[in-house]
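What follows is the residue order along each chain.
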There are 2 protein chains.
Amino acid sequence: MRISVIGTGLMGTSVALAARAHGDDVAGWDVDPDVLERAAARDAVDPRESLEDAVREAEFVVVAAPIAQLPTAVAAVLAATTDATVTDLGSTKASVLRAADGSPRFVGGHPICGSETRGPEHASASLFAGATWFLTPDAHTDPARHRLVHTFAAALGATPVAIDADAHDRLVAMTSHVPHVLANIVANQTGAARVEGHEPLAHAGGSLRDMTRIAGANPRIWVDIYLDNADAIRTALQEHRRRIEQVEAALERGDAGFLARWVGEASQNRRRMLDREYPDPGELQRLRVHVPDRPGVLAGITQALGAERINIEDFELHHVSPERGGTLTLLVGGEDEANRAAALLESQGYSVVVSAVIEP
Amino acid sequence: MRISVIGTGLMGTSVALAARAHGDDVAGWDVDPDVLERAAARDAVDPRESLEDAVREAEFVVVAAPIAQLPTAVAAVLAATTDATVTDLGSTKASVLRAADGSPRFVGGHPICGSETRGPEHASASLFAGATWFLTPDAHTDPARHRLVHTFAAALGATPVAIDADAHDRLVAMTSHVPHVLANIVANQTGAARVEGHEPLAHAGGSLRDMTRIAGANPRIWVDIYLDNADAIRTALQEHRRRIEQVEAALERGDAGFLARWVGEASQNRRRMLDREYPDPGELQRLRVHVPDRPGVLAGITQALGAERINIEDFELHHVSPERGGTLTLLVGGEDEANRAAALLESQGYSVVVSAVIEP
């Protein structure tokens, strides 16, 4: 297939590399000649002089421009082509669909994968492996072109999921944009506070670290996402505030029953999330081990576990400091597996705390 | 030293194991005879018949009761002893300090380590290694006893930090209790939503997973913590809502300048948090690798990195599924180290996405 990639940053170049690996012919263009040159240097695209030049002979065009430029770029590609199928990779879908103005050749797309990096040098053909790839065909879309984009996304290792564009934007507001907003707020609220000379940030435990891992994510990308999806984000934030007020009221009246039901509901929801990832989350056991910060510890542990054929679901080693060492957290499926892993680690001189991931 | 541990669950038994490892003599009692028996079976304590029996000859008493029983237990221990130094391990400090009623022998304590497990079988002598251990001496406290508790916490591998009890409760409201509340709310809001037939939970990306990792944590422990620290939590939640309203207003008026400054502030705060953990967070590079779910992958990668003496700061492997594989995320210090690690992994057939942890 003759493919054209418009915008050769991280995402566009990753698509180009994956398509080339499949034997497709890939032309490319970027508004920044330097970015285009760097993508060409990675042998991801044949560089072209202009957008029109890049799409002239394309059967399939992937528009990988930043959110703020995306509607204009998609409209330009549709205007410059007569028969090509056109898709995009933007994090929001309503605005780009409006720009496509009912063209049967356009199918909106959004692969769910990290947006924290930029530049063609960070691109990877396997970026989309295992990811959900939303597609937003509508009543105007030619079904054959929807199938083509679906097949393309699947060929890159992703799982295509069709969804209405507005529904997509409300869904990602909840699953991605609001979590980013809250992470920023928690980081800023904790960062601004001083409690009688103590900086709360200096005493952050694992919970605060988890909540703020995505705080401060690339403002060049995120400010445009927030603005483009402002209505859906505001609606979700209002609902979030309403739920906080309920909890505040329960705290004020000392309502243990409400709080217990509410924590129980959260536990159920977390379990449903884990259900998607693990065959049997109710069986999952967590092992926590304090390990010294010295070379060979990681390899020693993983080799021993591998030799005993203990199947690790999750494996996390968080460095604390050379003086204090770090914490290793393992998730294994089932108590037997957990006991074998704990015995093995204890025989290496570590002491291990085991617990169920989901409270029984 | 003759130590007594009142409450032989996870925390109390961990203290007992660590104290015994130091050569201390440890008696113990628990309101639940079964829990006491299990702690004794681990050789952590000499079991006694009653609280009074357990503390009679103690020089040092550690009260490790759940939050709701803590004030009563501390008052009982102080009444049953005349010269022993008494401390506790509770997550909140104002209520227990009130129960101690100005006793010079009492020094409140709170080691910051996981509360997600229960039972003496999960106890570990190294539970406190590397943890912050808050101590809350006040104007009534005998300084020699404060020093004794300080030395004890340090001997268990923790870092003692003295703080006013009310300040402590406001601080942990921000660093721990509010993150737990928000995780529950995000899990419940996302779990309750349906967007035109789609379940947002089913499409959770990494950001939602990070935000809800602590959702649904043990209601038997957490409901009492929320209620005991209700005022400080409510104050912090009100401030959180106020900050959300600011963001909503900025979204409504399309204020890109506000949003950019706000994300930038979050980035600075995250950097300050990382400053505590890493020698030079500005240098940290993140490598992301998609790996298949098959035995030996983990050991193969850690061995190769170890052999090349690449110093790993963080190492995370999150399992997605046997079909889709998982994502390995590495943090290494510096671009050189990142390039060497990427080259090594690429030579093993993986493709690697590299990015700076903190945007330059």
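Residues numbered from 1 in each chain as written. Chains lettered and ligands numbered in written order. Predicted model: local features only at pLDDT ≥ 70, side-chain atom pairs only at ≥ 80, totals over all residues.

## Regarding the overall build of chain A
And then number 1: Scanning chain A for helices and strands turns up 13 helices and 12 strands.
And then number 2: Summarising its shape, the C-alpha atoms of chain A cover approximately 65 × 55 × 40 Å along the three principal directions.
And then number 3: Within chain A, counting contacts between residues at least 6 apart in sequence, those at least 24 apart form 67% of the total. (Helix = DSSP H or I, 4+ residues; strand = E, 2+ residues; numbered from the N terminus. Contact = placed C-beta atoms within 7 Å.)

## Here's the deal with the relation of the copies chain A and chain B
And then number 1: Screw-axis analysis of chain A against chain B gives a translation of 0.0 Å along the axis, an RMSD of 0.0 Å, and a rotation angle of 180°. Expressed as an axis order, the relation between the two copies is that of a two-fold axis. Of the C-alpha atoms belonging to chain A, the one lying closest to the rotation axis is found on E316 of chain A, 2.1 Å away.
And then number 2: By residue overlap, the copies meet face to face through one surface: 100% of the interface positions of chain A are interface positions in chain B. (Least-squares fit on C-alpha atoms with pLDDT ≥ 70 in both.)

## Observations regarding the interface of chain A and chain B
How large an interface is tends to be reported as the accessible area lost when its parts come together.
And then number 1: With 115 residues of chain A at the contact, the number on the chain B side is 116 residues.
And then number 2: Of the residues forming the side of chain A that touches chain B, the biggest block, 19 residues, is contributed by helix α7 (residues 165-192) of chain A.
And then number 3: Among the residues forming the side of chain A that touches chain B, the class breakdown is 53 nonpolar, 38 polar and 24 charged. (Nonpolar A, V, L, I, M, F, W, Y, C, P; charged D, E, K, R; others polar.)

## Comments concerning the sheet that holds strand β7 (residues 132-136) of chain B
Residue and element names in this part refer to chain B.
And then number 1: If you walk across this open sheet you meet the eight strands as β3-β2-β1-β4-β5-β6-β7-β8, and the pairing is mixed. The outermost strands of the open sheet, each flanked by one partner alone, are β3 (46-47) and β8 (159-162).
And then number 2: Bridge count between strand β4 (residues 60-63) and strand β5 (residues 85-88): four bridges; the pairing is parallel. Of the residues in β5, the one forming a bridge with V63 is D88. (Pairing = 2+ DSSP bridges.)

## Some details on the environment of Q246 of chain A
Residues and elements named next belong to chain A.
And then number 1: Within the secondary structure layout, Q246 lies in helix α10 (residues 230-252).
And then number 2: For Q246, a count of 15 C-beta atoms within 10 Å corresponds to the partly exposed category.
And then number 3: Taking the C-alpha atoms as reference points, Q246 and L127, 119 residues apart in sequence, are found 41 Å from one another. (Buried ≥ 20, exposed ≤ 12 C-beta atoms within 10 Å, placed from the backbone.)

## Here's the deal with the domain arrangement of chain A
And then number 1: Domain boundaries in chain A define domain 1 (2-163), domain 2 (168-254) and domain 3 (281-356).
And then number 2: Taking only C-alpha atoms, the centre of domain 1 of chain A and the centre of domain 3 of chain A are 41 Å apart. (Domains from an automatic or database assignment.)

## Some words on unusual backbone geometry
If a residue is not glycine, its phi is most likely negative; likewise, a peptide bond is most likely trans.
And then number 1: A positive phi is found at E196 of chain A, a non-glycine position, where the angle reads about 45°.
And then number 2: With respect to the helices and strands, E196 of chain A occurs in the loop between α7 and α8 (206-211).
And then number 3: Backbone geometry at D43 of chain B places phi at a positive 65°, although glycine is not the residue there.
And then number 4: As for its position among the elements, D43 of chain B is in the loop between α2 (33-41) and β3.

## What to know about the sheet that holds strand β1 (residues 2-6) of chain A
Think of a sheet as strands paired side by side through backbone hydrogen bonds, with each pair either parallel or antiparallel.
And then number 1: With mixed pairing, eight strands are arranged side by side in an open sheet as β3-β2-β1-β4-β5-β6-β7-β8 (chain A). Two strands lie at the open edges of the sheet, namely β3 (46-47) and β8 (159-162) of chain A, each paired on one side alone.

## Let's talk about the packing of helix α12 (residues 297-307) of chain A against helix α12 (residues 297-307) of chain B
And then number 1: Two numbers describe how α12 of chain A lies on α12 of chain B: the axes approach to 8 Å, and their chain directions differ by 155°. When the axes of α12 of chain A and α12 of chain B are compared, the pair comes out roughly antiparallel. Between α12 of chain A and α12 of chain B lies a crossing whose hand is left-handed. On the side of α12 of chain A, the interface is formed by L298, A299, T302, Q303 and G306 of chain A, while α12 of chain B contributes L298, A299, T302, Q303 and G306 of chain B. (Axes fitted to C-alpha atoms, helices over the stretch in contact; angles between N-to-C directions. Parallel < 35°, antiparallel > 145°, perpendicular 65-115°, else oblique. Left-handed = near helix turned anticlockwise from the far one by under 90°.)

## Details of the environment of Q285 of chain B
And then number 1: Its location among the elements puts Q285 of chain B in strand β9 (residues 284-291).
And then number 2: In this view, Q285 of chain B contacts V332, G334, E335, A338, V354, A356 and V357 of chain B; residues no more than four positions away in its chain are not counted.

## A closer look at the packing of helix α11 (residues 256-275) of chain A against helix α9 (residues 219-228) of chain B
How two helices pack is summed up by the angle between their axes together with the distance between the axes.
And then number 1: Viewed as axis vectors pointing N to C, α11 of chain A and α9 of chain B meet at an angle of 135°, and their least axial separation amounts to 10 Å. With respect to α9 of chain B, the element α11 of chain A is oriented oblique. Read as a crossing pair, α11 of chain A and α9 of chain B show a hand that is right-handed. On α9 of chain B, the residues touching A256, L259, A260, V263 and G264 of chain A of α11 of chain A are P219, W222, V223, Y226 and L227 of chain B.

## A word on the pairing of β7 of chain B
Side-chain direction in a regular strand flips from residue to residue, so the side chains alternate between the two faces of the sheet.
Residue and element names in this part refer to chain B.
And then number 1: Among the five residues that make up β7, five are buried, leaving the element largely enclosed by the rest of the structure.
And then number 2: On β7, burial covers both faces: T132, F134 and T136 on one face and W133 and L135 on the other are all buried.
And then number 3: With four bridges joining them, strand β6 (residues 106-111) and β7 adopt antiparallel strand pairing. What sits directly across from H110, in β7, is F134.
And then number 4: By the bridge criterion, four bridges tie β7 to β8 in an arrangement that is parallel. Across the sheet, residue F134 finds its bridge partner in β8, namely V161.
And then number 5: In this view, the connection linking β7 to its parallel neighbour β8 by way of helix α6 (residues 143-155) has right-handed handedness. (Right-handed = clockwise from strand over helix to strand, strands pointing away.)

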